[in-house]
Amino acid sequence: MFDVNVNLPEQYEGINVAAVGGFPRDVYMGRERNDVDLVVTGVTPEDMRNRGFTHIMSADTRKPVFVDDLDREVAIARTEQSTGRGHDEFDMDIVDPSLSHEEALRRDLERRDLTMNAIAVDVRSGEVFDPFNGREDIDNGVIRHVSSAFTEDPLRVVRVARYAARFGFEIAEETQHLMDEISEDVSELTRGRLGGELVKAMKQAGNPRRFFDVLRETNSLRDAFPEIMALDDVPAGPEQYHGEGSAYEHTMRVLNAMFELRGNDVEALLGALAHDIGKSRTPEDVLPHHYGHEQRGREVATELRSELQISRDLDGVMSTSAEVHGNLSQLDEVNVTTVLDIAGRVRHSPLNPSQIADLAASDGMGREPQMDVERDEIEETLTEAISVIDEIGGSEALESRGMTTDDIGEEVEPEQVGNLIRQDRAEELRSRIR
């Protein structure tokens, strides 16, 4: 028995209601869960509308999903049959309302991807319905498909990788075989859908690199995220600085090092993932060196964020990390103009000096041998530089020379104002950090 503690408005009176999917899974695992997926049995869409449920008329009008008086989604138990090879190519049928609550739930759960997600619990009684032994697989730390219908949706390959990274579970051998079987179909998924899975993986993972390693092991990474897979084809750098091998291996080490420092900080993790992404486009004749990979990385990362339709709130995270990471470990050696340029790019991105400093530290930790980085000094320097940028603008530069904006065009040419700002910022920053 589970104590699910789900509030039910009066409109549910006389209806069998169960919590399904992630909610009972996480309750069983002792994980915090705020949202709940509800399924009802023994009713028709007309019954639901008569009870005051609002039918969600999505692009697929056959979908028997409604909204209750507490603004929660609730679905009528249903089955699905594949009509093609795409993620959205399915026919669905409402389970016969004359069937028992248990049988209706069994048929609904059978359409789900993994046994750990094919568990239901009656909201009122707490009775658990686990026809595919999901709890046993959870106890054993195994990710297992429910049925051969797993192969009908290539998105499930990516979801398994996400769950493996999240829970640290092993993938059942027979499930691994099915993933291999449909690996080529991953190319049929939209880039936007893959971007959503990527962000979810970074948000949830307990071992971020495993998301990519599982996709790589099932021959799906090249179709899902070719920009990341391409890093496996080039060395990370000269062997004396990058004994870890490929740029892919270096990136995965940096990704997990960032997780050690910042946990599921999505901005920081995406920055770590993309920091060396430009190395895949290094001309072969200069390898194992990667001269200019920062600028190439900015371009690749910008394209990637757009193609994956990653939230605008994350715009600039990957491209900024790719562009600025190269100078971070020597920030105390470069001239203040370069420091101000780096700080300006960070200032105009969603990243902050602490995240950038941790990127530098992670980059050092992801090498073999590891490189010590003065991350606190990097954070302090960037913080000071951003403060200088905020404090000194055109009016301040003019005022320090006894002029105002009225003097532009007479005492000073408009194009010279920018030079004055840069001079004053450099002088002020130099006085603070050198």
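What you see is a predicted model; the values in this text were computed from it and never measured. Per-chain numbering applies: the sequence of each chain, read as written, is numbered from 1 onward. Local features in this predicted model are restricted to residues of pLDDT 70 or higher, and side-chain atom pairs are both shown and tallied only at a pLDDT of 80 or more, whereas totals for entire chains, interfaces and linings draw on every residue. Water and hydrogen atoms play no part in the side-chain values, which are based on all heavy atoms of the structure.

Time to look at the overall build of the protein. Note on conventions: DSSP H or I runs of at least 4 residues are helices, E runs of at least 2 residues are strands, and numbering of each starts at the N terminus. Secondary structure assignment for the protein yields 19 helices and 11 strands. Burial statistics for the protein: of 434 residues in total, 53% are counted as buried. Any two residues whose heavy atoms approach within 4.5 Å at even a single point are treated as in contact. Looking at the protein alone, contacts between residues at least 24 apart form 67% of all its contacts between residues at least 6 apart. Relative accessibility thresholds used throughout: buried, under 20% of the residue-type maximum; exposed, over 50%; partly exposed, between the two (1.4 Å probe, protein chains only).

At their nearest, the axes of helix α5 (residues 155-167) and helix α8 (residues 208-217) sit 7 Å apart, and the two run at 140 degrees to each other. One finds that α5 runs oblique with respect to α8. Between α5 and α8 lies a crossing of right-handed hand. In contact with Val157, Val158, Ala161, Arg162, Ala164 and Ala165 of α5, α8 contributes Arg210, Phe211, Val214 and Leu215. Classifying every residue of the contact of α5 with α8 gives eight nonpolar, no polar and two charged. Helix axes use the C-alpha atoms of the stretch in contact, all axes being lines fitted to C-alpha atoms, and the angles between their N-to-C directions lie in the range 0 to 180 degrees. By the definition adopted for this analysis, an angle is roughly parallel if under 35 degrees, roughly antiparallel if over 145, roughly perpendicular if from 65 to 115, and oblique otherwise. The sense of a crossing depends on the near helix, which, turned anticlockwise from the far helix by less than a right angle, makes the crossing left-handed and, turned clockwise, makes it right-handed. Residues were grouped as follows: Ala, Val, Leu, Ile, Met, Phe, Trp, Tyr, Cys and Pro as nonpolar; Asp, Glu, Lys and Arg as charged; and all remaining residues, including Gly, as polar.

What follows is about helix α11 (residues 247-262). The periodicity of an α-helix, 3.6 residues per turn, causes residues three or four positions apart to be oriented the same way. An expected span of 1.5 Å times one less than the residue number is assigned to each helix. The first and last C-alpha atoms of α11 sit 22 Å apart over 16 residues, in line with the 22 Å expected at 1.5 Å per residue. Taken together, the buried positions of α11 are occupied by Ala247, Tyr248, Glu249, His250, Thr251, Met252, Val254, Leu255, Asn256, Ala257 and Met258. Each element contacted by the buried residues of α11 is listed here: α7 (191-204), α8, α9 (221-224), α10 (226-229), α12 (266-274) and α16 (353-365).

Our focus in this paragraph is the pattern of salt bridges. Should a side-chain nitrogen of Lys or Arg be within 4 Å of a carboxyl oxygen of Asp or Glu, the pair is scored as a salt bridge. A complete count under the given rule lists 39 salt bridges for this structure. Note that Arg298 and Glu323 form a salt bridge whose closest N and O atoms lie 3.9 Å from each other. With Arg298 in helix α13 (residues 293-307) and Glu323 in helix α14 (residues 317-328), this residue pair connects regions lying 25 residues apart in the sequence. By relative accessible area, which is 18% here, Glu323 ends up buried.

So, on to the packing of aromatic side chains. Each aromatic ring pair is summarised here by two numbers: the centre-to-centre distance and the angle between the ring planes. Stacked, tilted and edge-to-face are the three classes assigned to paired rings of Phe, Tyr and Trp, where Trp is represented by its six-membered ring and a pair needs centres within 6.5 Å; plane angles under 30 degrees give stacked, over 60 edge-to-face, the rest tilted. Applying the stated criterion across every chain, the model contains six aromatic pairs. Between Tyr163 and Phe167, the aromatic rings sit 5.8 Å apart at their centres with planes inclined by 10 degrees, giving stacked as the arrangement. A residue pair is termed a helical-turn pair when its members lie 3 or 4 positions apart in one helix, as Tyr163 and Phe167 do in helix α5 at four residues. Assessed through its relative accessible area of 5%, Tyr163 is described here as buried. Ring geometry for Phe211 versus Phe212: centroids 5.1 Å apart, planes at 80 degrees, classification edge-to-face. The residues Phe211 and Phe212 share a single accessibility class, namely buried.

Before going further, it helps to spend a moment on the environment of Glu32. Here Glu32 is to be found in the loop between α1 (22-28) and β2 (37-41). With 250 residues separating them in the primary sequence, Glu32 and Thr282 have C-alpha atoms 45 Å apart.

Take the environment of Thr175 next. Here Thr175 shows up in helix α6 (residues 173-181). Taking the relative accessible area as the measure of exposure, Thr175 reaches 0% and is therefore buried. For the pair Thr175 and Asn140, spaced 35 residues apart in the sequence, the C-alpha separation amounts to 15 Å. With sequence-adjacent residues up to four places away left out, Thr175 is seen in contact with Ile143, Arg144, His145 and Phe150. Under the rule applied, a polar contact is a pair of N or O atoms within 3.5 Å (in protein, one hydrogen donor and one hydrogen acceptor; residues adjacent in sequence only if both atoms are side-chain atoms). A distance of 2.7 Å separates a polar atom in the side chain of Thr175 from a polar atom in the side chain of His145.

The next point concerns the environment of Glu174. Position of Glu174 among the secondary structure elements: in helix α6. C-alpha separation for the pair Glu174 and Leu189, spaced 15 residues apart in sequence, amounts to 23 Å. Residue contacts for Glu174: discarding those within four places in its chain leaves Arg144 and His145. Separated by 2.5 Å, the side chains of Glu174 and Arg144 make a polar contact.

Here we take up unusual backbone geometry. Residue Pro288 is reached from Leu287 by a cis peptide bond, and omega for that bond is 10 degrees. The topology assignment puts Pro288 in the loop between α12 and α13. Backbone torsion omega between Glu368 and Pro369 reads 5 degrees, so that peptide bond is classified as cis. The topology assignment puts Pro369 in the loop between α16 and α17 (375-391). Even without a glycine there, the phi angle at Asn219 is positive, about 60 degrees. Structurally, the position occupied by Asn219 is in the loop between α8 and α9. With a phi angle near 55 degrees, Gln309 is a residue other than glycine that sits in the positive phi range. Its place among the elements puts Gln309 in the loop between α13 and α14. In this structure Gln309 comes out as exposed when scored by relative accessible area, which is 60%.

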